[in-house]
Every structure is written in C-alpha cells, then in structure tokens.
Amino acid sequence: MKKRDAARPDAEAGACEEIDRTTGELKAMRYRLLGVHASLPVSPREEVMLLGEEEMDFPTEARAILECVVNEWIPSAIRDLEKIARRKKGDG
C-alpha cells in the first residue's frame, strides 16, 4: 500500500507535465485553424445560409464549424486543463 502511494505523486506530476504540453499543442492548433478559417472565402450568400434559408456550401459550413472550435471548444478545453494543472501544482 505504501509503495503505491509513493508512486502517486510521480504519476500526478507526469500527468501535469503532459497536460501542460497538451495545452500548448491546443493553443498552436487553434492558431492553425484560425489560419484555415481566414483562407476560406466568404460567400456572398453566407448570411442566408447561416439563417438556414439555403443549404450551406463548403466554405460557409467550414467557417461556421471552425468559428465554434476556435472560439468555444478549444479555449474551453485549454481553460479547464490549465485550471486542473494549476490546482495540482498548488497542492505541492
């Protein structure tokens, strides 16, 4: 039992290091996806497509998905991962 407990801090420290690396990769991925978003043309019918009045073309659908990913999903994941890593580092 004691041997298992002694290894736990090392495993937790390793997890925190991996979380730190992963958040850095997520930040880099976010910037790459912002570049993809910027490279896609804005359709003159984008507003109508976003309202659901016309089927979305590829650029409009891709831009909409990328906006959600780079503005909501990735930042939320980064915040949560950094929060848990900081919490663990504060324990030590």
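Residues numbered from 1 in each chain as written. Predicted model: local features only at pLDDT ≥ 70, side-chain atom pairs only at ≥ 80, totals over all residues. Heavy atoms only, no water.

Moving on to the side chain of Ser-43. Here Ser-43 shows up in the loop between helix H1 (2-39) and helix H2 (46-50). On the accessibility criterion, Ser-43 (12% relative accessible area) is buried. The residues contacting Ser-43, other than those within four sequence positions of it, are Met-49, Asp-57 and Thr-60. (Helix = DSSP H or I, 4+ residues; strand = E, 2+ residues; numbered from the N terminus. Buried < 20%, exposed > 50% of the residue type's maximum accessible area, 1.4 Å probe, protein only. Contact = heavy atoms within 4.5 Å.)

Parts of the prediction with low pLDDT should not have their coordinates interpreted in detail. Averaged over all residues, the pLDDT of the protein is 89; the fraction at 70 or higher stands at 87%. Predicted confidence in the protein is weakest over H1, with a mean pLDDT of 87, and strongest over helix H3 (residues 58-91), with 91. (pLDDT = per-residue confidence, 0-100.)

On to the packing of aromatic side chains, then. What characterises a pair of aromatic rings is the spacing of the ring centres plus the angle enclosed by the ring planes. As enumerated under the stated definition, the model contains zero aromatic pairs in all. Just above the ring of Tyr-31 sits the side chain of Arg-30; from NZ or CZ to the centre is 5.9 Å. (Phe/Tyr/Trp six-rings, centres within 6.5 Å; stacked < 30°, edge-to-face > 60°. Lys NZ or Arg CZ within 6 Å of the ring centre and 35° of its normal.)

A separate point is the environment of Glu-18. Mapped onto the elements, Glu-18 comes out in helix H1. A sequence separation of 67 residues divides Glu-18 from Ala-85, and the C-alpha atoms of the two residues are 9.5 Å apart.

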